[in-house]
Amino acid sequence: MTEKLSDTARKTMLTPLQETGWAMVDGRDAIHKEFKFKSFIEAFGFMTRAAIWAEKWNHHPEWSNVYNRVEVVLTTHEVDGLSALDVKLARKMDSLTE
Ligand SMILES: C[C@H](O)[C@H](O)[C@H]1CNC2=NC(N)=NC(=O)C2=N1
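Here the residue numbers are simple positions, counted from 1 along each chain's written sequence. A pLDDT threshold of at least 70 governs which residues receive local features in this predicted model, and a stricter bar of 80 or more applies before side-chain atom pairs are shown or counted, although totals over entire chains, interfaces and linings include all residues. Side-chain measures were taken over the full set of non-hydrogen atoms in the model, leaving aside hydrogen atoms and water.

- The protein chain is annotated in an unreviewed UniProt entry as Putative pterin-4-alpha-carbinolamine dehydratase of Roseovarius albus.
- The Sequence similarities (unreviewed entry) comment attached to the protein chain in UniProt states, word for word, "Belongs to the pterin-4-alpha-carbinolamine dehydratase family." UniProt positions are given in the numbering used here, feature names are shortened, and annotations may be inferred rather than shown by experiment.

Below is the structure:
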């Protein structure tokens, strides 16, 4: 059963993500990050690679793409807030840009 991140988990798990550009969404228990790429094709390729992991983990982002930018919001709808799955997917997305 997916659970909301505890307060202590938030401190230990979200702090490193803030260092890579993730931030809380105002008014939502969710995190967001804008990824910027050299081109539309690079942005779309990132989305394709991330989509494979999202499908594998059955945990999907709320995201939009404008040209070379991808805006990503992560939250867990089942618990109406952040869970470990959001942290996992955020870390994976960061790794897919390297
Ligand atoms: C039925 C399906 O397993 C659920 O709707 C999954 C799909 N992907 C999901 N993605 C996210 N971000 N949160 C969820 O609660 C969620 N639930």
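Additional details are given in the paragraphs that follow.
1. A few points about the site of the ligand
Okay, so step 1: Working definition: residue near molecule or strand if any one of its non-hydrogen atoms lies within 4 Å of it. Taken together, Asn-58, His-59, His-60, Thr-75, Thr-76, His-77 and Glu-78 make up the full set of residues adjacent to the ligand.
Okay, so step 2: Contacts described as polar in this section are N or O atom pairs within 3.5 Å, which, within protein, must combine one atom able to donate a hydrogen with one able to accept it, while residues neighboring in sequence count only if both atoms come from side chains. Within the backbone of His-77, an N or O atom sits 3.1 Å from a nitrogen atom of the ligand.

2. Describing the pairing of strand E4 (residues 69–74)
Consecutive side chains along a regular strand alternate between the two faces of the sheet.
Okay, so step 1: Here strand E2 (residues 31–36) pairs with E4 via six bridges, running antiparallel. By the bridge assignment, Lys-33 is partnered in E4 with Val-72.
Okay, so step 2: Here, strands pair whenever DSSP counts at least two bridges between them. A helix here means a DSSP run of H or I that spans at least four residues, while a strand means a run of E at least two residues long, and both kinds are numbered starting from the N terminus. In textbook terms, the turn of a hairpin is the stretch between consecutive antiparallel strands, and for strand E3 (residues 62–66) and E4 this stretch comprises two residues, one of which, Tyr-67, has a positive phi near 50 degrees.

3. A short note on the pairing of E2
Okay, so step 1: Relative accessibility under 20% of the residue-type maximum defines a buried residue, over 50% an exposed one, and the middle range a partly exposed one, all with a 1.4 Å probe and only protein chains included. Of the two faces of E2, the one holding Ile-31, Lys-33 and Phe-35 is buried and the one holding His-32, Glu-34 and Lys-36 is not buried anywhere.
Okay, so step 2: Summarising the sheet, strand E1 (residues 23–24) and E2 pair through two bridges and their orientation is antiparallel. Note on E2: the bridge partner recorded for Ala-23 is His-32.
Okay, so step 3: Between E1 and the antiparallel strand that follows it, E2, lie six residues; Gly-27 among them carries a positive phi value of about 80 degrees.

4. Structural notes on empty space enclosed by the protein
Okay, so step 1: Method remark: on a 1 Å grid restricted to protein atoms, a set of points is classed as a cavity if a 1.4 Å probe fits but cannot get out and as a pocket if it is open with protein on both sides within 12 Å along at least five of seven lines; lining residues have an atom within 4 Å of a point. Grid points are joined across faces, edges and corners, and a volume is the space filled by probe spheres set on the points. Counted according to the given criterion, the structure contains one cavity of 30 Å³ or more.
Okay, so step 2: A volume near 40 Å³ is recorded for the largest cavity.
Okay, so step 3: As for the largest cavity, its lining consists of Leu-14, Leu-17, Gln-18, Trp-22, Ala-23, Met-24 and Ile-31.
Okay, so step 4: If you list the elements that add at least two residues to the lining of the largest cavity, you get helix H1 (7–19) and E1.
Okay, so step 5: Element by element, the count of residues in the lining of the largest cavity is highest for H1, at three residues.
Okay, so step 6: Looking at the lining of the largest cavity residue by residue, the classes come out as six nonpolar, one polar and no charged. Any residue that is not Ala, Val, Leu, Ile, Met, Phe, Trp, Tyr, Cys, Pro, Asp, Glu, Lys or Arg is counted as polar, Gly included; the first ten are nonpolar and the last four charged.

5. A word on the pattern of salt bridges
Okay, so step 1: The term salt bridge refers to a side-chain nitrogen of Lys or Arg lying within 4 Å of a carboxyl oxygen of Asp or Glu. Within this structure, the stated rule accounts for five salt bridges.
Okay, so step 2: A salt bridge links Arg-10 to Asp-29; the nearest nitrogen and oxygen atoms lie 2.7 Å apart. One end of the pair, Arg-10, is in helix H1; the other, Asp-29, is in the loop between E1 and E2, and 19 residues separate them in sequence.
Okay, so step 3: Taking the relative accessible area as the measure of exposure, Arg-10 reaches 18% and is therefore buried.
Okay, so step 4: Here Lys-38 ties to Glu-42 by a salt bridge, and the two come within 4.0 Å at their closest N and O atoms.
Okay, so step 5: A relative accessible area of 72% places Lys-38 in the exposed class.

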